[in-house]
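This is what each chain is made of:
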Amino acid sequence: MRLTTLLTAGGPRVGVLDGSMTDGVVRLLEAGPRLLDVVRGGQEGLADAGRQAARSGDAVEVGQAAFGPLLDPPSVRDFLTYEAHLAELTGAPPPDEWYEMPLFYFSNPASIVAPYGGVRMPPHVTQYDYELEVGAVVGRAGSDLTPEQAERHVLGYTVFNDWSARDLQVHEFRFPMGPSKSKDAAITLGPWLVTADEVADRVEDGRLALRTEVRLNGERVGGDVTSNMAWSFAELVAHASRGTVVRPGDVLGSGTCGTGCLAEIKRTQPDTAPDWLRVGDVVRIEVEELGVIENRLVPGPDPLPVPRGRRRIHREG
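Reading guide: rules and limits
- Residues numbered from 1 in each chain as written.
- Predicted model: local features only at pLDDT ≥ 70, side-chain atom pairs only at ≥ 80, totals over all residues.
- Heavy atoms only, no water.
- Helix = DSSP H or I, 4+ residues; strand = E, 2+ residues; numbered from the N terminus.
- Rg over C-alpha atoms; globule rule 2.2 N^0.38 Å.
- Buried < 20%, exposed > 50% of the residue type's maximum accessible area, 1.4 Å probe, protein only.
- Expected span 1.5 Å × (residues − 1).
- Arc of directions from axis to C-beta.
- Disulfide = S-S within 2.5 Å.

Asks: I keep staring at the overall build of the protein chain and nothing clicks. Help me out?
Replies: Broken down by element type, the protein chain carries seven helices and 22 strands. Against the globule reference of 20 Å for 317 residues, the protein chain gives a C-alpha radius of gyration of 20 Å, in line with a compact fold. Here the C-alpha coordinates of the protein chain stretch approximately 80 × 45 × 40 Å along the principal axes. Of all 317 residues assigned to the protein chain, the portion counted as buried reaches 50%.

Asks: I'm lost on helix α2 (residues 42-55) in this one. Help?
Replies: Turn by turn, an α-helix covers 3.6 residues, leaving residues three or four places apart pointing in a common direction. Between its first and last C-alpha atoms α2 spans 21 Å; for 14 residues at 1.5 Å apiece the expected length is 20 Å, and the two agree. All buried positions along α2 are accounted for by Gly42, Gly45, Leu46, Ala49, Gln52 and Ala53. Summarising the axial view, the buried residues of α2 lie within an arc of 125°, below the 170-degree limit, and thus occupy one face. Residues of α2 that are exposed and angled more than 90 degrees away from the buried face: Gln43, Ala54 and Arg55.

Asks: Help me understand the state of the cysteines in this model?
Replies: Disulfides are covalent bonds that connect the sulfur atoms of two cysteines. This model, assessed by the stated rule, comprises zero disulfides. Residue Cys257 stays outside any disulfide, its sulfur separated by 8.4 Å from that of Cys261, the closest cysteine.

Asks: Can you help me understand helix α6 (residues 233-240) in this one?
Replies: Along α6, seven of the eight residues are buried, which leaves the element largely enclosed by surrounding structure. All of the buried residues in α6 are Phe233, Ala234, Leu236, Val237, Ala238, His239 and Ala240.

Asks: Hey, could you run me through unusual backbone geometry in this one?
Replies: Among all residues except glycine, the phi angle is most often negative; among peptide bonds, the trans geometry is most common. In the segment running from Gly190 into Pro191, the intervening peptide bond is cis, with an omega of -5°. Note that Pro191 resides in strand β14 (residues 187-195). Positive phi values are uncommon outside glycine, yet Glu289 reaches one of about 75°. Take Glu289: it is sitting in the loop between β21 (282-287) and β22 (291-298). What makes Glu289 partly exposed here is its relative accessible area of 27%.

Have a look at this one:
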């Protein structure tokens, strides 16, 4: 099943794809419940969505559909799982310690944007970047899961673009806190939440194996295969559940794939790399079986001043 959120005159509605992702129709469910509500219903929720879609007379052609923000997740964890991405950014293979456990940071669930909507340039940012990823969506709550158990907690997958302000990131990474405003402005998810059974035949050696591609203003600038992840999505969910709870609707990003962002290209091909993103640029990401997202950069809000912190420790001498 492929589910989505469409914008209608009566407000957001959950829809189920009938046919292909390019020329099928989206059958709308009854108004009221959000996609998160369907996810929280687990397998019965999906079954009920399927039954509603089968009898729905309210349908929209994919080409005419107005896609809204896919999901309002309780949390978004974004991991770092591609060796090639880390190696290209740093100029060296990952150290042995990197393989001990998957790293992630918490991103901003309030920053989800529509799969074809405008993405605002954040204030004060001069080095804005896209990041090509895939996200897994949790369908069942769980704590301290094994990877085998966690696999059954993955409801499905979606395309994920983790927009990043590299100039802010450089400043933030000087201190032991991880990213904050550099990752705070936008995340694109969608256009579909594709249930795990739809891609069960695309698993190789325990890893989802889907081809990915990113285009900037129509030119292909990167791509990879998701089976190059150092950990599987089930292993990411298991790690996330250690000592805490993963909840229905939680999103776990794979992290950027090899050649999946401008920062890599600028380090490896400095003479020919595209400029950092500017207003008017269009970023298109495609993942086979999961679909396409495409966002145009639009002007953002004017920056408002925030005063410098007051120095409380005075240097002597």
